[in-house]
Amino acid sequence: MFLSSLFTDPERAERLIDIAQSSLLPLLEGVILYTIPLTLISFAFGLALAVLTALARISTVKPLQIIARIYVSAIRGTPLIVQLFILFYGLPTLEIEIDPFPAAVIGFSLNVGAYASEVIRAAILSIPKGQWEAADTIGMSYSQSLKRIILPQAARVSVPPLSNTFISLVKDTSLASLILVTEMFRRAQEIAARTYEFLLLYMEAAVIYWILCFLLSLVQGRLENRFDRYVSR
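What you are looking at is a predicted structure, and each value in this text was computed from that prediction instead of being measured. (Residues numbered from 1 in each chain as written. Predicted model: local features only at pLDDT ≥ 70, side-chain atom pairs only at ≥ 80, totals over all residues. Heavy atoms only, no water.)

**Student:** I'd like to hear about helix α5 (residues 100-126), residue by residue, with values.
**Tutor:** Each turn of an α-helix holds 3.6 residues, which means side chains three or four residues apart point in the same direction. With 27 residues, α5 extends 39 Å from end C-alpha to end C-alpha; this agrees with the ideal 39 Å at 1.5 Å per step. Of all the bends in α5, the greatest measures close to 25° and is centred on A116. (Helix = DSSP H or I, 4+ residues; strand = E, 2+ residues; numbered from the N terminus. Expected span 1.5 Å × (residues − 1). Bend = angle between axes of the 7 residues up to and from the residue.)

Listed below in structure tokens is the structure:
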């Protein structure tokens, strides 16, 4: 129906082209002003939280282990949209009000932190124990061994899965539209509501998301190749 109308109704085809062209700039503005900043800020905070959580999980301090496990289990065991709704719509019942963008940053950061912590923890545990022992024999403390020997090697191992997490986060930012963040998908919804061309606008948004993720996958490939240079084969 949609495609056939493009060929049988020239006026409708022209209207669709006009809408697609006029909506491109607002959608790109949503990407630049909200989608990209939301992704970068959330990933940065989430990655820092992930490192701390991973270190807590492998520590010998039981309370830290328990807190980290509860946090990871709670975040991984509940939908991201529910977490965002709790932050934005639920907390005001406790007289805690958070603006849309900060609420989205908190929600995405907590989500990234939980999932990425498992990646980092697995990467740290993948480093042979001999690396720890070698660092100990030359008088390095635990923190020195971790910072100078273990984490640099774990970072290389973590690049592919963390890159996938970052790419997934780009797509997940569309959920911020449900808590009134005017990112790209929210812009598409607003324009579609005015023009009633829902399929066109959602397809246009999907193409932009696809292009972003495709470019990021190219960057991911270059990063992996760069780190692979330092791996003996």
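The discussion continues.
**Student:** Go over the layout of surface pockets with me, naming the residues and quoting the values.
**Tutor:** Considered as a void within the structure, the largest pocket measures approximately 260 Å³ in volume. Elements that contribute at least two residues to the lining of the largest pocket include exactly α2 (10-58), α7 (142-172) and α9 (198-228). Of the residues forming the lining of the largest pocket, the biggest block, seven residues, is contributed by α7. Tallied by class, residues from the lining of the largest pocket come to eleven nonpolar, three polar and no charged. Taken as a whole, the second largest pocket holds about 220 Å³ of empty space. (1 Å grid on protein atoms, 1.4 Å probe; cavity = no way out; pocket = protein on both sides within 12 Å on 5 of 7 lines; lining within 4 Å. Points joined across faces, edges and corners; volume = space filled by probe spheres on them. Nonpolar A, V, L, I, M, F, W, Y, C, P; charged D, E, K, R; others polar.)

**Student:** Outline the nonpolar core, listing residues and values.
**Tutor:** One broad trend across soluble globular proteins is that nonpolar side chains are buried collectively. L38, A104, F108, A176, I179, M184 and I208 are the most contacted members of the largest nonpolar core, which has 40 residues in total. When residues of this core are traced back to their parent elements, those giving at least two are α2, α4 (80-90), α5, α7, α8 (184-195) and α9. Among the elements that make up this core, the one with the highest residue count is α5 (nine residues). Grouped together as the second largest cluster of nonpolar side chains are six residues, L16, I19, L200 and L201 included. (Core = buried A, V, L, I, M, F, W, Y, C linked by side-chain atoms within 4.5 Å. Buried < 20%, exposed > 50% of the residue type's maximum accessible area, 1.4 Å probe, protein only.)

**Student:** For the packing of aromatic side chains, give the residues involved together with the corresponding values.
**Tutor:** The final tally for this structure, using the stated rule, is seven aromatic pairs. Put simply, the rings of F85, F88 and Y89 pair up and form one aromatic cluster. (Phe/Tyr/Trp six-rings, centres within 6.5 Å; stacked < 30°, edge-to-face > 60°.)

**Student:** Could you give an account of the packing of α4 against α5, with specific residues and numbers?
**Tutor:** In the contact formed by α4 and α5, the axes pass within 9 Å of each other and the chain directions differ by 140°. Judged by the angle between their axes, α4 and α5 are oblique. In this structure, α4 meets α5 at a crossing whose hand is right-handed. Counting all contacts with α4, which are made through L80, Q83, L84, L87 and F88, the residues of α5 involved are P100, A103, A104, I106, G107, F108 and N111. Considering only residue class, the contact of α4 with α5 consists of nine nonpolar, three polar and no charged. (Axes fitted to C-alpha atoms, helices over the stretch in contact; angles between N-to-C directions. Parallel < 35°, antiparallel > 145°, perpendicular 65-115°, else oblique. Left-handed = near helix turned anticlockwise from the far one by under 90°. Contact = heavy atoms within 4.5 Å.)

**Student:** Mind laying out the pattern of salt bridges, listing which residues take part and the relevant values?
**Tutor:** Summed over the entire model, instances satisfying the criterion amount to six salt bridges. Of the charged contacts, one joins R187 and E29 as a salt bridge, the two residues approaching to 3.6 Å between their closest N and O atoms. Separated by 158 residues along the polypeptide, R187 in helix α8 and E29 in helix α2 bring together distant segments of the chain. Owing to a relative accessible area of 35%, E29 belongs among the partly exposed residues under this scheme. Across the salt bridge formed by E118 and R76, the nearest N and O atoms sit 3.6 Å from each other. Of this pair, E118 sits in helix α5 while R76 is found in helix α3 (residues 62-76), placing the two residues 42 residues apart along the sequence. The class for R76 is partly exposed, based on a relative accessible area of 42%. Here the salt bridges share partners, and the residues they tie into one network are R57, R76, E118 and R121. (Salt bridge = Lys/Arg side-chain N within 4 Å of Asp/Glu carboxyl O.)

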